[in-house]
Amino acid sequence: MRIPSLPGALPLLGHLPQLRGQPLEFVRALRARGDVVRFRLGPRAAYAVNSPALIRQMLVADAEGSAPVRRRRPTGLVLHPSRIRRYAATMCELAEARVDSWRHGALVLLDQELFSLTVATVSRVLFCGPAGKRLAEDVRGTVPVLIEQLGRRALAPVGALDRLPTPVNLRFRRALRTLQEAVRRAIAEYRADGLGNGDLLSTLLTRRDEETGAALTDEQVYDELVAMLVAGTETTASALSWACYLLSRDDGAQRRFQRELDEALGRREVRQVSHETLRELAFQQRVIAETLRLYPSTWMLTRRPNSPVELGGYLIPAGSTVLFSIYALQRDPELFAHPEQFDPDRWLPESTPGIPRDAYIPFGSGVRGCAGEQFARAEMAAFLSVIFSRCTVRPGPGGSRPVTRLMSMPGALPLIVRRRTPADRHR
Ligand code: HEM
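Keep in mind that what you see is a predicted model, and the values were worked out from it rather than measured.

## Points about the sheet that holds strand 3 (residues 106-109)
Taken in spatial order, the three strands of this open sheet run 3-11-8, and their pairing is antiparallel. Edge positions in the sheet fall to strand 3 and strand 8 (391-395), since each has one partner strand and no second. Between one strand axis and the next, the sheet turns by 40° as a mean value, whatever way the strands run. Across the sheet, helix 15 (residues 373-390) touches strand 8 and strand 11 (414-419), and the angle it forms with strand 8 is around 90°.

## Some words on the packing of helix 4 (residues 81-100) against helix 15
In helix packing, the relevant descriptors are the interaxial angle and the interaxial distance, both defined with respect to the helix axes. Where helix 4 meets helix 15, the closest approach of the two axes is 9 Å, and the angle between their N-to-C directions is 30°. In terms of axis orientation, helix 4 runs roughly parallel to helix 15. Classified by chirality, the crossing of helix 15 by helix 4 is right-handed. The residues of helix 15 that touch helix 4, namely those facing Pro-81, Ile-84, Tyr-87, Met-91, Cys-92, Ala-95, Glu-96, Val-99 and Asp-100, are Gln-374, Phe-375, Ala-378, Glu-379, Ala-382, Phe-383, Val-386, Ile-387 and Arg-390. For the contact of helix 4 with helix 15, the residue count by class is 13 nonpolar, one polar and four charged.

## Quick word on the coordination of the iron atom of the ligand
Under ideal tetrahedral coordination, the four donors around a metal are separated by 109.5 degrees; under ideal octahedral coordination, the six donors are separated by 90 or 180 degrees. A lone protein donor binds the iron atom of the ligand: Cys-370 (SG), at 2.4 Å. In this structure, Cys-370 sits in the loop between helix 14 (326-330) and helix 15.

## Section: the packing of helix 5 (residues 110-126) against helix 10 (residues 234-248)
Orientation of helix 5 relative to helix 10, taken along the N-to-C sense of each, is 145°, at an axis distance of 9 Å. Handedness of the helix 5/helix 10 crossing: right-handed. Here helix 5 contributes Leu-110, Asp-111, Leu-114, Phe-115 and Thr-118 to the contact with helix 10, which in turn contributes Glu-234, Thr-236, Ala-237, Leu-240, Ser-241 and Cys-244.

## Section: the state of the cysteines
Tallied over the entire structure, the rule returns zero disulfides. Left unpaired, Cys-244 is separated from the closest cysteine sulfur, that of Cys-391, by 9.7 Å. Accessibility expressed as a relative area gives 0% for Cys-244, which makes it buried. On the accessibility criterion, Cys-391 (0% relative accessible area) is buried.

Conventions adopted
Counting starts from 1 at the beginning of each chain's written sequence and moves along it residue by residue. In keeping with the model being predicted, local features are shown solely for residues with a pLDDT of at least 70 and side-chain atom pairs are shown and tallied solely at 80 or more, while totals for entire chains, interfaces and linings include all residues. To obtain the side-chain values, all non-hydrogen atoms of the structure were included, while hydrogens and water were left out. Here, strands pair whenever DSSP counts at least two bridges between them. Working definition: helices are DSSP H or I runs of at least four residues, strands are E runs of at least two. Numbering for both runs from the N terminus. Fitting a line to C-alpha atoms yields each axis, with helices limited to the stretch in contact; the angle taken between N-to-C directions then spans 0 to 180 degrees. In what follows, a contact means two residues having at least one pair of non-hydrogen atoms within 4.5 Å. Working definition: roughly parallel below 35 degrees, roughly antiparallel above 145 degrees, roughly perpendicular at 65 to 115 degrees, and oblique for all remaining angles. Crossings are sorted by hand: turned counterclockwise from the far helix by less than a right angle, the near helix makes the crossing left-handed, and turned clockwise it makes it right-handed. Under the scheme applied here, ten amino acids are nonpolar (Ala, Val, Leu, Ile, Met, Phe, Trp, Tyr, Cys and Pro), four are charged (Asp, Glu, Lys and Arg), and all others, including Gly, are polar. Note on donors: an N, O or S atom is included if it sits within 2.8 Å of the metal, or within 3.2 Å for Na, K and Ca, and water is never included, so sites can look incomplete. The definition used for a disulfide is geometric: two cysteine sulfur atoms within 2.5 Å. The buried label applies to any residue whose accessible area, calculated with a 1.4 Å probe on protein chains only, is under 20% of its type's maximum; exposed applies above 50%, and partly exposed to all values in between.

What follows is the structure, given as structure tokens:
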């Protein structure tokens, strides 16, 4: 079958200006054109896969070999659900210390606060010791640059453009070099100090290949660390920023959440209740689910299959860029009623049977699905519980202008934070 093409391609550039300029509108326009749509990234053909069933087939195909088969990530161990309870207490402590630094009535740039909180959490929890702390400092400066560039590069029409000495490429290379040097230093210090602390870096350094028994090379350790730092910081910061953005604009939802927290906590602080108690707060879970539906952190995924793939009767050639947008999928009016509306109650148990399977995949699916889902969920539950049990949050002046790079963010998020008094909490 002939794959329908998207009109409006420019000579040489194809649809790149639209994808770069208004990415979210572009992926939704692609979605409206059919299950599989051909478009152009510069001179090359690319394919958008739109139907939930075909997206699932594409993601699961990773495991079946139509795209490179991934080995189990060695980092899986440190993100295992059995470790999460141990991390949860630290997550609460970090969040409480941060929220305590906000003055009553102050304007707080919540996007920046949340990003620095997620970097601090990943660094504190996954890297112990002084070498880990220094690495965390370098990560804070370099990860945003890497994330921005990785987003651009995933959609670059021609790889050679990345090698040009443009200011953007030079900044990217500088950030990479800083991170490489920091990781190399940390590896040397860990090797010198012993590797028994069970954190992320010592797990990677003591890991043996399942088949050959060989240790990971420094390069493999570096790749794993960078993958984790990129995948594990701005994603959660984005989800948390959007949750605060939505709650700050919806008094009713914010009050319901605070009532739920007040009842569950009584006179205790968030760090004094168990991780399981936080995860069982039903309204909070619905707020998180709805935030990740409206604003999935990774709004678009790409694959490059190394052999031809047949999808719904269409043949996609090997080596082509295949794009699918979680954002467009989760806002499809055929899959979700009133898709633009923030409605946590669509996730009430009695409503969810109406939501088709495969229509909701904020953490991806298949072998490349999110390794850090439980970590992220624990982090979101801890941070949101701490923020909203202690504060009421309202939009600040100026509002925010959403930014879409590799992640979609609410942009600068100035919010006015009012501390809740004990009387507010026990009213
Ligand atoms: C709300 C927060 C998060 C969301 C929405 C999210 C979403 C995703 C998605 C959609 C993927 C699949 C990418 C693909 O199929 O190409 C993914 C992969 C991954 N995520 Fe997450 N993630 C989040 C937080 C985290 C955290 C906190 C960590 C680690 C601490 C993490 C670690 C990873 C790793 C290691 C991968 C695999 C990357 C790869 O194989 O290339 N994620 N995530």
